[in-house]
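Listed below, chain by chain, are the residues.
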Amino acid sequence: MIQGMLNFEEESKMLSHLERLSLPKDKDLPPVIREIVTNAPENRKIPAFIASLSPLCAMCPRVRLHYYYDTRPSALLLQVLIEGAQSSGKSFAADIESLIMDKTLKARDKAMRRLEQEYRDKKKTRKANEKLESEPETTIRVVPPTISKTVLTKRADMYERVFGDTLTFWMFAEELAQVTDAGKNGYSNLRTIMRTSYDLGSLFGIDFASDNSYSAIVDINICSMFCATPAALDEYFDKKAIEGGNITRTILCKIDDDLGEDGAIFIPYTSEQRSAIDTMLARLMNETYDNDGGLQPTVDLNMSWLDKTVCKWVRGKGNEATLSGSQALDVFRKRSSVSAFRIAALCQYLYMMEENPTAKRSNSESGQTGAAGLTSIQRRVKQIYLFMAEYILQAMLDRWGKRFEELNAKREAELKPGPKENLFDQLTETFTREQLNLLIEKQGKVTPDKVFINRWKKLRVIEIIDKNTFKKVKSKR
């Protein structure tokens, strides 16, 4: 027991305070992220780091990893929220998204969407008896937040039909209000899907009788990034989202500029930086698709060396939750670690790809960078995990911790069992109708007092003194 407390105190010193942690220096960050953060102003370096994570994860759909507390494989799936007041400069996230996606997934999707549009045009203009060829089997990756559940299910099922495996969707919105407004229509309410899409292998299904609809049970995986004002965030993450677990699957990055502060200006990328970014993004595309347009094999990324650090952090926060009695801390710590672990895995993957620019792709590539190089990578990846685990947790606690505690307390109070004693036993030997009504109200019963009086009279457990006063009759044994 003493040893356990000593471990907790040691872990608390190392892990509890975000201000004691930091990301690696700009030059020591993984490729693509390094160029983005280097060119960000000081007050946007962490937001720029976070904004680059989810789109890069979407670019790595073939990576698999094992998280210590999970029994099944994980994928690089993240959901990022950039929160800031109006005119706070959240558009930097859109610039980062365009930098990563325009020449990669969006360019590939453009050709796919063109095939779909040509088919729709032919369908409209065909003659009455003209036979049309089969609908093209397209594998779209970039989807809008206004997409319907039916279309999303169909696109996910197409991955299985074409490739025999799943891929990751990319979803981005400069205004979270788009998602909220779309969600008001039941067919575009993606709250449940956003929960299941956080975990590889969590299935979602729809089944319609209509021939004009689409039915399937599929593994939908989504990486997303939404920008939002505080009011839009409050509207989207309502009571259901807080209690249902949507918030714990997110990485919240709040833009907190000082009053009157100038707008953040990012330095333009040099030609060398552009070349480095484009080269790595092209490599990521080649790690997803083979030369014939099929999928590359999955890569099993060895992250087991980080397990000890993960366990220390999760258990340390569990001890803090026990001492403080905080349900929010106890719940939020778990997925904070999961998201931070995925970020760490992404960074390790990018580091290793840079270390082996000409290496042949193989499932064993994940651990073959050489003893010195791997040690350096591990040190940076561990630093990233610890910083992001603390950052994600603290952001959730600051934004939703109090509300979560209130809702949890209310639910527990409502589920609290009623009094064990029955109504009759709680009355005094001689009682009045007024006492009975007060007790009925206290227990939340709706049966009128006269009903109880008549029943007890028939059972001969009371005698009537007058119309408003009664006395219990002792049973004869």
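Everything discussed here concerns the structure shown above.
The rules behind these values
Residues numbered from 1 in each chain as written. Predicted model: local features only at pLDDT ≥ 70, side-chain atom pairs only at ≥ 80, totals over all residues. Heavy atoms only, no water. Axes fitted to C-alpha atoms, helices over the stretch in contact; angles between N-to-C directions. Helix = DSSP H or I, 4+ residues; strand = E, 2+ residues; numbered from the N terminus. Parallel < 35°, antiparallel > 145°, perpendicular 65-115°, else oblique. Left-handed = near helix turned anticlockwise from the far one by under 90°. Contact = heavy atoms within 4.5 Å. Nonpolar A, V, L, I, M, F, W, Y, C, P; charged D, E, K, R; others polar. Expected span 1.5 Å × (residues − 1). Buried < 20%, exposed > 50% of the residue type's maximum accessible area, 1.4 Å probe, protein only. Salt bridge = Lys/Arg side-chain N within 4 Å of Asp/Glu carboxyl O. Core = buried A, V, L, I, M, F, W, Y, C linked by side-chain atoms within 4.5 Å. Pairing = 2+ DSSP bridges.

### Section: the packing of helix 12 (residues 307–324) against helix 13 (residues 327–355)
For step 1, the next point in the chain: Contact geometry for helix 12 and helix 13: axes closest at 9 Å, N-to-C directions at 165 degrees. As judged from the angle between their axes, helix 12 and helix 13 are roughly antiparallel. The handedness of the crossing between helix 12 and helix 13 is right-handed. In contact with Val310, Trp313, Val314, Arg315, Lys317, Gly318, Glu320, Ala321 and Ser324 of helix 12, helix 13 contributes Leu329, Asp330, Arg333, Ser336, Ser337 and Phe341.
For step 2, the next point in the chain: The residue inventory of the contact of helix 12 with helix 13, partitioned by class, reads six nonpolar, four polar and five charged.

### Regarding helix 11 (residues 271–288)
For step 1, the next point in the chain: An ideal rise of 1.5 Å per residue puts 26 Å on 18 residues; helix 11 measures up with 26 Å between its terminal C-alpha atoms.
For step 2, the next point in the chain: Among all positions in helix 11, only Gln273, Ile277, Met280, Leu281, Arg283, Leu284, Met285, Glu287 and Thr288 are buried.
For step 3, the next point in the chain: Among the structural elements, helix 2 (33–38), helix 3 (45–58), helix 4 (91–101), helix 5 (105–125) and helix 13 are those in contact with the buried residues of helix 11.

### Regarding the pattern of salt bridges
For step 1, the next point in the chain: Counted under the stated rule, the structure contains 24 salt bridges.
For step 2, the next point in the chain: Put simply, Arg161 and Glu137 hold a salt bridge, and the shortest N to O gap is 3.6 Å. Here the residue Arg161 occupies a position in helix 6 (residues 149–163), and Glu137 occupies one in the loop between helix 5 and helix 6, the gap between them amounting to 24 residues.
For step 3, the next point in the chain: On the basis of relative accessible area, Arg161 is assigned to the partly exposed category, the value being 46%.

### Let's talk about the nonpolar core
For step 1, the next point in the chain: Formed by 128 residues in total, the largest nonpolar core has its most connected members in Phe49, Ile82, Ile343, Tyr385, Met388 and Trp400.
For step 2, the next point in the chain: Those residues within four positions of Ile82 in sequence are excluded, and the remaining contacts are Ala51, Lys90, Phe92, Ala93, Met225, Phe226, Cys227, Ala228, Cys253 and Ile255.
For step 3, the next point in the chain: Counting 12 residues, the second-largest nonpolar core is a separate cluster that includes Phe431, Leu439, Ile462 and Phe470.

### Focus: the packing of helix 11 against helix 13
For step 1, the next point in the chain: Where helix 11 contacts helix 13, the two axes come as close as 11 Å, and the packing angle between them is 105 degrees. One element, helix 11, and the other, helix 13, form an angle in the roughly perpendicular class. When helix 11 is examined against helix 13, the residues Met280, Arg283, Leu284 and Glu287 are found in contact with a partner set consisting of Tyr349, Leu350, Met353 and Glu354.
For step 2, the next point in the chain: Across the contact of helix 11 with helix 13, the residue classes break down as five nonpolar, no polar and three charged.

### A few points about the pairing of strand 3 (residues 168–173)
For step 1, the next point in the chain: Taking burial as the measure, the six residues of strand 3 include six buried ones, the bulk of the element.
For step 2, the next point in the chain: Burial along strand 3 is two-sided: Thr168, Trp170 and Phe172 and Phe169, Met171 and Ala173, pointing in opposite directions, are all buried.
For step 3, the next point in the chain: As judged from the six bridges shared by strand 3 and strand 6 (residues 221–228), these two strands associate in the parallel manner. Bridge pairing in strand 6 links Thr168 to Asn221.

### Comments concerning the environment of Phe387
For step 1, the next point in the chain: With respect to the element layout, Phe387 can be found in helix 14 (residues 371–415).
For step 2, the next point in the chain: On a C-alpha basis, the gap between Phe387 and Arg20 in space is 8.9 Å, while along the polypeptide they are 367 residues apart.

### Digging into unusual backbone geometry
For step 1, the next point in the chain: The residue Val32 is not glycine, and still its phi comes out positive at about 75 degrees.
For step 2, the next point in the chain: Note on placement: Val32 falls in the loop between helix 1 (2–15) and helix 2.
For step 3, the next point in the chain: If you check the backbone angles, Arg460 has positive phi at about 60 degrees while not being a glycine.
For step 4, the next point in the chain: Topologically, Arg460 is positioned in the loop between helix 16 (449–458) and strand 10 (462–466).
For step 5, the next point in the chain: Residue class for Arg460 comes out exposed when judged on its relative accessible area of 71%.

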